[in-house]
Amino acid sequence: MIVNTELENKGNLFPSNIIDFKKDVDKLYFTAANDVILELTVVRDSLLRFRYTTVGNFDNDFSYAITKYASIGYNKLEIEEKKEYFEITTSKLRCEISKDDMRVSIYDAKDGTLINQDESGFHWEESYEYGGNIVKMSKASNDGESYYGLGDKPNHLNLKGKRYSNWATDSYAYGKDTDPLYKAIPFYTGLHHGKAYGIFFDNTFKSSFDFAQERRNVTSFWAQGGEMNYYFFYGPKMNDVVESYTDLTGKPHHLPPLWALGFHQCKWSYYPESKVKEITSTFRKLKIPCDAIYLDIDYMEGFRCFTWNKEYFPDPKRMVKELLDDGFKTVAIIDPGIKIDKEYSVFKEALEKDYFCKRADGDYMKGKVWPGECYFPDFTNPEVRDWWSGLFKELIEDIGVKGVWNDMNEPAVMEVPNKTFPDDVRHDYDGNPCSHRKAHNIYGMQMARATYQGLKKYSYPKRPFVITRSAYSGTQRYTSTWTGDNVATWEHLWIANIQAQRMAMSGFSFAGSDIGGFAEQPQGELFTRWIQLGIFHPFFRVHSSGDHGDQEPWAFDEDVTDIVRKFIEIRYQILPYLYTAFWNYVDHGTPLLKSLVLYDQEDVQTHYRTDEFIFGEQILACPVLEPNAKGRRMYIPKGNWYNFWTNEIVKGGKEMWVDADIDSMPIFVKEGAIIPKYPIQQYVGEKDITEITLDVYYKEGKEESELYSDANDGFDYTKGRYSLRNFSLRGKANELIINQYKEGKYITTYETFNIQFHGLPFDIVEVQLDNEKIEHKSLKVNDITSIVVHKNFSELHIIGEKS
Ligand code: GLC
């Protein structure tokens, strides 16, 4: 072997001095003497894109992450050539590009604060082995700067001092330090001096991020190939950074059907049909609300996708209908591996049409998964996606399955050291042919996308529901997700809490964990605490591997069943609140869960908190994460909060002990909030909702709340048939005024609001509805006064006197 280390390793290379500048509408091109070009795109006033080539021209500009619906356009763009740098100014940012070495510095245009600055900036190393470059970027990191985001990383929320990589990986029974996991979301938010910015490194090769771990004052990111191509978002509010990233990579294309926000029960596997029915009827018998039941791989014939084991499920269509009549929506798993079997129609068709992935020299990519040896469709080929989506016709349209669960789509391959395809596998990449090195991280996303397209078509006029295990940035447009094969331990309850929050601040709010743990078996206490956390996770599903025992709410002792029922009932009561938050997520990209730092970045106490979070806009929750606890210490963010259980008001901005025996958990409601509630139902749609309860939490001062309603399924809401009610509350010492502004054409099924006042500091003496005094029957039970009013009031005026 000839060893030529100089050839193999030339070390880091850097751009030289800028010799040319060109502007093309919103794109600016800076060319260096050594052929490096920086293409800077002004996407919006607060969003810049940086893209570099080292060879004098750019590859085809293509990304799976960026949505065509992203908002673009700026108010101001000025470019000035100064002696030492080019200066680009928008209404939000001022950016300097050094003429000497292309290094970039970004400032707040208004107050001049330095937000982010290249340390070495762009540099690269030639890849002797594969061709192209290992592309790198390093930024200065300041003392006191914090970092958040990056998808499903299982460790502390604040990424400072850590190094992570992105390479979607099947990670059975992962731990706190396992990296990487199932998802690749190369987006983070930095926070310094109270100002937040974001960086999305849109490169699908294996990428890595170092947050001041290797060098205290440097944060860097790099990828094994492709372009240095990143977006810079400026807040200064962290919420705006997350919303802006979500806008660029896409908000969910629709609201989920409301039932998908209910409780889901899953196991590997419920079969045969009698077992499935036993589970669903026990839910109804014990009056534990549940909306979805899952079929894991054993429903198939020899694990062949799109088939049924007729011995276990002789008549799936009848079964699915009977389940639906009882309120259960059936969700079935579909994996990417297609069993090599000449008698199997899906295999035959894909083979004939040449839809399977191939190795570099033309052989098929063969790998072992549940069915044994498989071939794998190339979901990066649009024709293959079309074909795949067509395969759902029977399952969805004919049999009536309501949701599809995509698993093993990292893609996972068994009994091989790297757990996935070899690097040389070829992919179409939507007409940009490449190797698996580039396509790996988006394989799962493209599978979920094809599945989504199938469900959308065959579920119509209902909304599709998909779940995926693997994801790249942008996958949130099509599907929900879960965090993979976790373990029934207290540490994993902590991890589940972190992961759901982290996914939300990475643009992917519709996420949850396998409640109770996938591997091993939880004690009743752990299961109970996990359900308590789960009611605040957008995706709310119990799942377990089944090797270790049962994990239904009745599989422990009776106390557990009762407490679990009570918490699932709370979830069903607050569905209109969650649905409203979901609408905000779909409409504005607002994360459904807000870690405290996202909620109040100005309060430095929040920067290192992990356990507490805000659910929607106004509910503060904090899981109990230890056994035998009677409560816990937690940080209450600034402002006044009502204890959900006792109505006691606490003043935030401090850490405190909160009682929470096993039948409770710390939950608080922001003062002034108006929380809409449904009656308890055993499943979504069980009852005709004729009245909504509004829990009004008195505040001396102002607060805004919202209630979004529509038909809970279907697409009419996209044509204006929704109802959005904005409530603005103003409380004074002896009165409370609630104004309502309505928007949308949907006529809600509910006619009245049952308004329950919490914490009123006075007795009601008079009620005026739209300026007319009304006779009111106010009922006072346990300090909660309630009155019933018509839903369409404009102003409700409560006048009281001190008791
Ligand atoms: C994988 C999934 C798990 C599923 C199992 C069998 O391990 O992560 O959720 O139950 O495969 O399909």
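What you see is a predicted model, and the numbers here were worked out from it, not measured in a lab.

1. Topic: the UniProt feature "domain: Glycoside hydrolase family 31 TIM barrel" (unreviewed entry) in the protein chain
- UniProt annotation of "domain: Glycoside hydrolase family 31 TIM barrel" (unreviewed entry) refers to residues 254-581 when read in the numbering used here.
- As annotated, residues 254-581 has a helix share of 37% and a strand share of 13%, and its two end C-alpha atoms lie 13 Å apart.

2. Structural notes on the nonpolar core
- Among the nonpolar cores identified, the biggest contains 191 residues, and Trp388 and Ile531 are the most heavily contacted of them.
- Listed in part, the 42 residues of the second largest apolar core include Ala32, Leu40, Ile115 and Phe232.

3. Description of the sheet that holds strand β22 (residues 338-339)
- Reading across the sheet, the three strands line up as β22-β24-β23 and stay open at both edges, with antiparallel pairing between neighbours. Two strands in the sheet have a free side with no partner beyond their single neighbour: β22 and β23 (367-369).
- Here β22 pairs with strand β24 (residues 372-375) via two bridges, running antiparallel. Looking at the pairing, Lys339 lines up with Cys374 of β24.

4. Structural notes on the site of the ligand
- Near the ligand there are 13 residues, and of these Asp296, Asp407, Arg469, Asp485 and His543 occur at the shortest range.
- At 2.5 Å from an oxygen atom of the ligand is found a side-chain nitrogen or oxygen belonging to Asp485.
- In the environment of the ligand, an oxygen atom lies 2.9 Å from a nitrogen or oxygen atom belonging to the side chain of His543.
- The fraction of the free accessible surface of the ligand (310 Å²) that becomes covered by protein chains is 98%.

5. Structural notes on the pairing of strand β2 (residues 27-32)
- Within β2, five of the six residues are buried, which leaves it mostly tucked inside the rest of the structure.
- Strand direction decides the pairing type here: strand β1 (residues 18-24) and β2, joined by six bridges, are antiparallel. Note that in β2 the partner of Asp24 across the bridge is Lys27.
- Here β1 hands over to β2 after two residues, with Val25 in that stretch at a positive phi of 55°.
- In this structure, β2 lies alongside strand β3 (residues 37-44), joined through five bridges in antiparallel fashion. Across the sheet, residue Thr31 finds its bridge partner in β3, namely Ile37.

6. Side note on the domain arrangement of the protein chain
- As assigned here, the protein chain comprises domain 1 (18-249), domain 2 (265-337 + 392-579), domain 3 (594-670) and domain 4 (688-802).
- Taking only C-alpha atoms, the centre of domain 1 and the centre of domain 4 are 46 Å apart.

7. Section: the pattern of salt bridges
- A complete count under the given rule lists 58 salt bridges for this structure.
- Notably, a salt bridge pairs Asp354 with Lys358, separated by 2.7 Å at the nearest N-O pair.

8. Here we look at the pairing of strand β45 (residues 723-732)
- Of all ten residues in β45, seven are buried, a share of seventy percent or more.
- Here strand β44 (residues 701-709) pairs with β45 via nine bridges, running antiparallel. Within the sheet, the bridge partner assigned to Leu707 lies in β45 and is Arg725.
- Across nine bridges, β45 lies against strand β46 (residues 735-743) in antiparallel orientation. Bridging from a neighbouring strand, Lys732 pairs with Glu735 of β46.
- Counted between consecutive antiparallel strands, the loop separating β45 from β46 contains two residues.

9. A word on the sheet that holds strand β25 (residues 403-406)
- On the basis of which strands lie adjacent, the open sheet formed by nine strands has the order β31-β30-β28-β25-β21-β20-β19-β33-β32 and parallel pairing. The sheet terminates laterally at β31 (511-512) and β32 (514-515), the two strands that pair on one side only.

10. Regarding the UniProt feature "domain: DUF5110" (unreviewed entry) in the protein chain
- With numbering matched to this structure, UniProt assigns "domain: DUF5110" (unreviewed entry) to residues 691-759.
- Helix makes up 0% of residues 691-759 and strand 61%, with an end-to-end C-alpha separation of 22 Å.

11. Points about the side chain of Lys195
- With respect to the helices and strands, the residue Lys195 is situated in strand β15 (residues 195-201).
- Assessed through its relative accessible area of 15%, Lys195 is described here as buried.
- Within the structure, Lys195 has its side chain in polar contact with the side chain of Asp111 (distance 2.8 Å).
- The residues contacting Lys195, other than those within four sequence positions of it, are Asp108, Asp111, Thr113, Ile115, Gly190, Tyr234, Pro236 and Gln601.

12. A few points about helix α6 (residues 382-390)
- Listing the buried residues of α6 in full gives Val384, Arg385, Trp387, Trp388 and Ser389.
- Contact partners of the buried residues in α6: β21 (329-334), β22, α5 (345-353), α7 (392-398) and α8 (436-459).
- The opening residue of α6 is Asn381, an N-cap whose side-chain oxygen sits 2.9 Å from the backbone nitrogen of Glu383.

13. Here we look at the packing of α6 against α8
- Viewed as axis vectors pointing N to C, α6 and α8 meet at an angle of 45°, and their least axial separation amounts to 8 Å. Judged on the interaxial angle alone, α8 and α6 are oblique. Relative to α8, α6 is oriented so that their crossing is right-handed. Along the contact surface, α6 presents Arg385, Trp388, Ser389 and Gly390, while α8 presents Gln446, Met447, Arg449, Ala450, Thr451, Gln453, Gly454 and Tyr458.

14. Observations concerning the packing of aromatic side chains
- Summed over all chains, the structure comprises 75 aromatic pairs.
- Ring centres of Phe306 and Trp388 lie 5.2 Å apart, and the angle between their planes is 80°; this geometry places the pair in the edge-to-face category. Of this pair, Phe306 sits in the loop between β20 (292-295) and α4 (316-325) while Trp388 sits in helix α6, and the two are 82 residues apart along the sequence.
- The exposure class of Phe306 is buried, given its relative accessible area of 16%.
- For Trp388, a relative accessible area of 0% gives the class buried.
- Note on Trp388 and Phe392: the rings are 6.1 Å apart at their centroids and 75° apart in plane angle, and the pair reads as edge-to-face. Like Phe392, Trp388 is buried.

15. Description of unusual backbone geometry
- Residue Pro180 follows Asp179 across a cis peptide bond; omega there is -5°.
- Relative to the assigned elements, Pro180 resides in the loop between β12 (163-166) and β13 (183-184).
- Going from Tyr271 to Pro272, the amide bond is cis rather than trans, its omega being -5°.
- If you trace the backbone, Pro272 turns up in the loop between β19 (264-265) and α3 (273-286).
- Phi at Tyr429 is positive, roughly 50°, even though this residue is not glycine.
- Assignment of secondary structure puts Tyr429 in the loop between β26 (426-427) and β27 (434-435).
- You will see that Glu520, though not glycine, has its phi angle at about 65°, which is positive.
- You can see Glu520 is positioned in the loop between β32 and α10 (524-534).
- A relative accessible area of 43% means that Glu520 is categorised as partly exposed.

16. As for the environment of Thr330
- Within the secondary structure layout, Thr330 lies in strand β21.
- You can call Thr330 buried: its relative accessible area is 1%.
- Between the C-alpha atom of Thr330 and that of Lys99, which follows or precedes it by 231 residues, the distance is 61 Å.
- Residues contacting Thr330, with those up to four places away along its chain left out, are Ile293, Leu295, Val320, Leu323, Val401, Lys402 and Gly403.

Conventions adopted
Residues numbered from 1 in each chain as written. Predicted model: local features only at pLDDT ≥ 70, side-chain atom pairs only at ≥ 80, totals over all residues. Heavy atoms only, no water. UniProt positions renumbered as here; feature names shortened; annotations may be inferred. Helix = DSSP H or I, 4+ residues; strand = E, 2+ residues; numbered from the N terminus. Core = buried A, V, L, I, M, F, W, Y, C linked by side-chain atoms within 4.5 Å. Buried < 20%, exposed > 50% of the residue type's maximum accessible area, 1.4 Å probe, protein only. Pairing = 2+ DSSP bridges. Near = heavy atom within 4 Å. Polar contact = N/O pair within 3.5 Å; in protein donor to acceptor, adjacent residues only side chain to side chain. Areas by Shrake-Rupley, 256 points an atom, 1.4 Å probe, with all protein chains shown as cover. Domains from an automatic or database assignment. Salt bridge = Lys/Arg side-chain N within 4 Å of Asp/Glu carboxyl O. Contact = heavy atoms within 4.5 Å. Axes fitted to C-alpha atoms, helices over the stretch in contact; angles between N-to-C directions. Parallel < 35°, antiparallel > 145°, perpendicular 65-115°, else oblique. Left-handed = near helix turned anticlockwise from the far one by under 90°. Phe/Tyr/Trp six-rings, centres within 6.5 Å; stacked < 30°, edge-to-face > 60°.

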